[in-house]
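One-letter residues, chain by chain:
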Amino acid sequence: MALPAFAATYDIDSGSIDIHATESGQLISQWFMNGEQKEYVSDSDGDIKDRPDNNITITGTSTGNTVTIDADKDQTAHVTLENVEINASSTAQAAVDVTGSGNTNIELNGNNTLTSGYGHAGLEHNKTDDSGTLTIQDEKNDDGSAKGSASDTTGSLTATGGYHSAGIGGSDEHDGQVTITGGEITATGGNGGAGIGGGAGDTDAVGGDGDVTISGGTITATGGSLGAGIGGGAYGNGTVTVTDGDITAKATGRYGAGIGGGYGAKPKPSGTLIGGNGTVTISGGTITEASGGYMAAGIGSGFQGLGTVTIEGAAVIKNAQGGAAGAGIGSGTRGDSEIIIRGDAVIENAESSGNGAGIGSGQGTTSYGALVPSVGNVTIEGNARIENAKSGSGGSGIGGGFIGIGNVIIRGNAQIGNATGGEEGAGIGGGALGTGDVTIEGNVTIENAQGGAGAAGIGGGAETQPDTEDTRNKVSIKSTEAGSPDITATGGGASDGSLPGAAAIGSGSVADGATEVKSDITIEGKVTIDATAGGSIAKGDAIAIGDTPLQEKKFAGLPVGAVITRKDSDGVDLTQEGDKPTEPEKPEPEKPDPEKPNPNPENPNPEQPSEPSGAVSTSAPAEELTASDAEYLVTVEGLSVTNALGKQITHSCTQNVQGKVLTIRVNSIVATAHLTMDTLRTLKAQGVETIRFCTLLYRPTSVSIDALLNLGVDEADILWTHNGIQARLTVGGTDSSSLLQ
């Protein structure tokens, strides 16, 4: 039997409030503790104890009283917060706790502030196997009238979680579920918690996941350290769906995505990933900003997680900013990505601050000297437009991060404005030390695919060397019934004289003496391509399309209307036969004409002389140093430097004018200096006290010769490695990295 219902307003200052949604209706109790005695608040209608009320409004201010809402299975609780301020930070309680197997709808009127205590979310809703849903809405004006006029009001909520808890969602060691349909929402997670989503989980995979759906409102969410702005808390996965609204989401500290996964860990001995994954679907609304923490994506996964991102419909991403080594859109460090951008979606800016792709994967890693690349799988189709995708260093604009493989498909009517690789990363394709597999089909426009130093505009990253004979870059550009691609690509220039210029389309370059990955390139149909090599004819490193300097890839059988324009970095024309096919001229009627003798009867159809071929040195001459310089070039016997594959690469050594500091310089990201104890003794006898090691993308490190000699090892190999992520020093196989400064 349905109960008679009030429609009252309850002041939280008078006591804590319990709301219970039952099959018979909604009940409310308000109480306070008188010593150890629980007493109920009274009004003109008597005690407020299990009072029927299907239209509850809570108002007022309190520093100790709280609200609990419990909805039975298949029931829905309806509660309005109106200018409520609850600060439970001095208690171990949630300001508002939503429980039960049923659903709860919270309407926002005026300005509301909820602050919870240790281990609890500001507005708490823990997701369990049988829990219902929490929906935060602003469907009516503050006076209860329907919306739809210029005088509409907007209700707001500011929610702050305690330690290990979300601003809105899960508490410590709990998953969180939240749906937001409207209002102005500001949510801040405590340490380890998401702004909106999961609380902090643990290494036993308990809690941390965040399940968030947003279909309206203006949202600002800030995650605590290790948590996402919106999505998973520490050790948690994030599942986020956005269909509308204006969203700003930021991770603070390390390892959490702006929108997506929190910190992912692989605890020993199992090594099984716990958390970190981000599954994000955005089909509408505007993401004003999504900023990931260190080693995490702006939109996608946290550290080590898989970033599964779909952006479609009329969604607009104004700024997706990955933290260092995380992608703007995609995955965090050591994570792979699966990305689809389609429909009428617009990405105004997707950027990694360094070593991650703008759109794609975060940074890969190494294991016992072997590369363990991340993989960025990216599909851009429909009418999607990417205005700017950029890596700060090491990563591609679209594709792989540093030590990352980029598998990219661009088709339909997709448009790419700028795809800019960071140093040694391709514009579209592989990051530094990574291959690119790129397919471009249909009515695609790419206005600028720019490779970083030594990397292809479209294709492979710099310093990518084959693991096997089957390791290849692959680029396929084809017209379809949908239309013909129009592409402008520029290879990265030389890197400080160590890396030659790279191809506009094809392979990145490698240091002198190393073996680059070759490229399989297919161009078919009525394409328009403007390819500018990163190198020049004058320096002998010009490749517009291909993988070998001064040996351009040629394409036969292109239809009339296809146009391939090639030039080197100085503007010198590199056009090949067949690049600009034209209609054959119609023969004129034969006219009587005396025969003219053939000047070369043995060759009636002389060909144009072929281009010169042969080995070309791409090393710039060493700069001469004078007595007034701070350093002198020197030669050190017994010193060699190898790359990631163990092959020797070029290096230089300088000694300062005082003779006390020897500097080894290598223009490579991954490099190992090899020395011996005899070499150290010789250097010490010459007055050298300190050795410095300088490589790309990592700070210089130094070591004292005396410190090495004082290890008491007479004969031992000394290996000093930089890999772009860290430095390591071993003496006779023993880790001596603590000696590095």
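Residues numbered from 1 in each chain as written. Predicted model: local features only at pLDDT ≥ 70, side-chain atom pairs only at ≥ 80, totals over all residues. Heavy atoms only, no water.

1. Points about the overall build of the protein chain
In terms of regular secondary structure, the protein chain is built from 2 helices and 63 strands. When its C-alpha atoms are laid out on the principal axes, the protein chain stretches across 120 × 90 × 45 Å. The buried share of the protein chain, taken over its 741 residues, is 52%. Sequence-distant contacts, at least 24 apart, represent 73% of the contacts inside the protein chain between residues at least 6 apart. On the protein chain, the mean spot of the 39 positive side-chain charges and the mean spot of the 91 negative ones are 7 Å from each other. (Helix = DSSP H or I, 4+ residues; strand = E, 2+ residues; numbered from the N terminus. Buried < 20%, exposed > 50% of the residue type's maximum accessible area, 1.4 Å probe, protein only. Contact = heavy atoms within 4.5 Å. Lys, Arg positive; Asp, Glu negative; His and termini not counted. Charge placed at Lys NZ, Arg CZ, Asp CG, Glu CD.)

2. Notes on the sheet that holds strand E55 (residues 640-642)
The pairing of strands in a sheet comes from backbone hydrogen bonds and takes either a parallel or an antiparallel form. Strand order across the open sheet formed by 5 strands is E55-E58-E61-E62-E63, with antiparallel pairing between neighbours. For this open sheet the edge positions go to E55 and strand E63 (734-735), each flanked by a neighbour on one side alone. Where strand E61 (residues 717-722) lies against strand E62 (residues 727-731), 5 bridges are found, and the strand directions are antiparallel. Counted as the bridge partner of His-722 is Ala-727 from E62. Contacts from helix H1 (residues 677-685) reach strand E58 (671-676), E61 and E62, with the element oriented near 75° to E58. (Pairing = 2+ DSSP bridges. Axes fitted to C-alpha atoms, helices over the stretch in contact; angles between N-to-C directions.)

3. Focus: the environment of Arg-472
The residue Arg-472 is located in the loop between strand E46 (458-459) and strand E47 (473-478) in this model. Placed 203 residues apart in sequence, Arg-472 and Leu-675 show a C-alpha to C-alpha distance of 34 Å. Leave out the neighbours within four places in its chain, and Arg-472 touches Thr-435, Val-517, Lys-518, Ser-519 and Asp-520. At a separation of 2.7 Å, a polar atom in the side chain of Arg-472 contacts the side chain of Asp-520. (Polar contact = N/O pair within 3.5 Å; in protein donor to acceptor, adjacent residues only side chain to side chain.)

4. Description of the packing of aromatic side chains
Within this structure, the stated rule accounts for 7 aromatic pairs. What links up through ring pairs into an aromatic cluster is the set Tyr-235, Tyr-255, Tyr-263, Tyr-294 and Phe-303. Positioned over the ring face of Trp-31 is Lys-38, at 4.6 Å from the centre of the ring. (Phe/Tyr/Trp six-rings, centres within 6.5 Å; stacked < 30°, edge-to-face > 60°. Lys NZ or Arg CZ within 6 Å of the ring centre and 35° of its normal.)

5. Focus: the confidence of the model for the protein chain
This prediction gives the protein chain a mean pLDDT of 91; 93% of its residues lie at or above 70. Throughout residues 595-629 the model reports pLDDT below 50, and contacts reaching past four residues in sequence, or to other chains, amount to 21 contacts. (pLDDT = per-residue confidence, 0-100.)

6. Let's talk about H1
Regarding H1, the residues found buried are Met-677, Thr-679, Leu-680 and Leu-683. Projection of H1 onto a plane perpendicular to its axis shows the buried side chains occupying an angular sector of 155°, all on one side. Here the buried face of H1 lies against strand E57 (661-665), E58, strand E59 (690-695), helix H2 (705-709), E61 and E62. (Arc of directions from axis to C-beta.)

7. Considerations on unusual backbone geometry
Most peptide bonds adopt trans geometry, and most residues besides glycine take a negative phi value. In the segment running from Lys-268 into Pro-269, the intervening peptide bond is cis, with an omega of 5°. Positive phi outside glycine occurs at Ile-403, with the angle close to 55°. Look at Glu-424: it is not a glycine, yet its phi comes out positive at around 75°. Position of Glu-424 relative to the elements: it lies in the loop between strand E42 (415-420) and strand E43 (428-429). For Glu-424, a relative accessible area of 0% gives the class buried.

8. Describing the sheet that holds E59
Read across the open sheet, the 5 strands follow the order E54-E56-E57-E59-E60; overall the sheet is mixed. Looking along the sheet, the strands with just one partner apiece sit at the ends: strand E54 (631-634) and strand E60 (698-704). The mean angle between the axes of side-by-side strands here comes to 25°, regardless of whether they run parallel or antiparallel. Alignment of E59 against E60, held across 5 bridges, turns out to be antiparallel. By the bridge assignment for E60, Thr-695 is matched with Tyr-698.

9. Regarding the pairing of E61
Of the two faces of E61, only one is covered, namely that formed by Ile-718, Trp-720 and His-722; the face formed by Asp-717, Leu-719 and Thr-721 stays uncovered. Hairpin connection between E61 and E62: a loop of 4 residues separates the two successive antiparallel strands, and Gly-724 in this loop has a positive phi of roughly 85°.

10. A closer look at the environment of Arg-411
Secondary-structure assignment places Arg-411 in the loop between strand E41 (404-410) and E42. Each C-alpha atom of the pair Arg-411 and Ile-380 lies 6.5 Å from the other, and the pair is 31 residues apart in sequence. Apart from residues lying up to four places away in sequence, Arg-411 is in contact with Thr-379, Ile-380, Glu-381, Gly-382, Glu-441 and Val-444.

11. Looking at the side chain of Gln-465
Here Gln-465 is to be found in the loop between E46 and E47. The exposure class assigned to Gln-465 is buried, which follows from its relative accessible area of 13%. A polar contact of 3.5 Å, which involves the side chain of Gln-465, links it to the side chain of Asn-643.

12. Side note on the pattern of salt bridges
Within this structure, the stated rule accounts for 17 salt bridges. Between Glu-447 and Arg-385 there is a salt bridge; the shortest N-O distance is 3.6 Å. A residue pair is termed long-range when its members are at least 10 positions apart, and Glu-447 in strand E45 (residues 445-450) and Arg-385 in strand E39 (residues 385-391) qualify at 62 residues. In this structure Glu-447 comes out as partly exposed when scored by relative accessible area, which is 41%. With relative accessibility at 21%, the residue Arg-385 sits in the partly exposed group. (Salt bridge = Lys/Arg side-chain N within 4 Å of Asp/Glu carboxyl O.)

13. Considerations on the state of the cysteines
Within this structure, the stated rule accounts for 0 disulfides. Free cysteine Cys-653: the closest other cysteine sulfur is in Cys-694, separated by 11 Å. (Disulfide = S-S within 2.5 Å.)

14. A look at the environment of Ile-529
Note that Ile-529 resides in strand E51 (residues 528-532). Under the relative-accessibility criterion, Ile-529 is labelled buried at 1%. Considered as a pair, Ile-529 and Thr-565 are 36 residues apart in the sequence and their alpha carbons are 6.1 Å apart. The contacts of Ile-529, once residues within four sequence positions are left out, are Ile-477, Ile-487, Ile-505, Ile-523, Val-563, Ile-564 and Thr-565.

15. Observations regarding the pairing of E45
The pairing of E42 with E45 spans 5 bridges and is parallel. Note that in E45 the partner of Thr-420 across the bridge is Gln-450.

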